[in-house]
Structures are given as structure tokens and as C-alpha cells.
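Coordinate analysis (summary)
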Amino acid sequence: MQNYEWTINGQKWPDVTPIKVSMGNYVLADIVNNSMMSHPMHLHGYKFKVLEINGQHIKDGAIQDTILVMPHTSVKVVFIADNPGKWFFHCHSLYHMHSGMMAYIQTY
Ligand SMILES: [Cu+2]
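The structure reproduced in this document is the subject of the present report. (Residues numbered from 1 in each chain as written. Predicted model: local features only at pLDDT ≥ 70, side-chain atom pairs only at ≥ 80, totals over all residues.)

**Quick notes on the sheet that holds strand E1 (residues 19-21)**
Spatially, 5 strands are ordered E1-E10-E9-E3-E7 in an open sheet, and the strand pairing comes out mixed. Two strands close off the open sheet at either side, each with one partner strand: E1 and strand E7 (66-69). Shown here is a sheet whose adjacent strand axes are inclined to one another by a mean of 20°, direction ignored. As paired strands, strand E3 (residues 39-43) and strand E9 (residues 85-91) are joined by 3 bridges and run antiparallel to one another. Residue His 42 lies in a different strand from E9, and its bridge partner there is His 90. (Pairing = 2+ DSSP bridges. Helix = DSSP H or I, 4+ residues; strand = E, 2+ residues; numbered from the N terminus. Axes fitted to C-alpha atoms, helices over the stretch in contact; angles between N-to-C directions.)

**Examining unusual backbone geometry**
Trp 13 connects to Pro 14 through a cis peptide bond whose omega is 10°. Tracing the chain through its elements places Pro 14 in the segment before E1. Located in the positive-phi region is Asn 9, a residue other than glycine, with phi close to 55°. Its location among the elements puts Asn 9 in the segment before E1. Unlike most non-glycine residues, Asn 54 shows phi in positive territory, near 50°. Structurally, Asn 54 is set in the loop between strand E4 (48-53) and strand E5 (56-57).

**Examining the pairing of strand E10 (residues 102-107)**
With respect to burial, E10 is a largely interior element, 5 of its 6 residues being buried. Sheet analysis places E9 next to E10, joined by 6 bridges and oriented antiparallel. Bridge pairing in E10 links Phe 89 to Ala 103. (Buried ≥ 20, exposed ≤ 12 C-beta atoms within 10 Å, placed from the backbone.)

Structure below.
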């Protein structure tokens, strides 16, 4: 069996670089899942709007704080950085999170 190490932007918790966003700006995020497993990605402190899934525009995308990113799928979301602080962004599969799939956004 292969041992999995789950990462965000190639980094494994707790050795992560904060994802810095400027207060008041729109933040467009590409969430790309190159693995063969699904990842329910959860953002604290914000709600985002889903814009695209695999390049297909989503009309009236839902406003949510979690999105299930299927294997070999990319998702574009947007939110407004209007909540100062440090906010976790992580996979909600506890196994994945505990093996490193956690980062944080820092709004300044
Ligand atoms: Cu996961």
C-alpha cells in the first residue's frame, strides 16, 4: 500500500505558508484536485460563490463554505475578503486533514 500525504499548494500542515489576501478585495481561488479521491474542501470565516467546475461556468452558483471537489476536477470560487484574521482552509475528510491537508488564509 502506498502511504498518502495530503497537501494544499504542495504544503503539509503545520509547515504551511499563509495564503495572504487583502482586506476588501475579491479573492478568486482555483481548487484543483489532481488525485483519485474526493475532497470536501471547507473554508472558515467566509462563504464563497462557485463560479466554475472543470471550466464550465455555473450560473447562479451556490453560496457555501464547503465544496466537494471530485477526483481530477477543478473548481473556481470567489469571495470577498471582508473578515480580518486567520481562517482555516482544509479538507473535511478527517483522515486527509490529519495527514496534512490543511492551510490557512490570512486577511490583512
Ligand atoms: Cu480530502
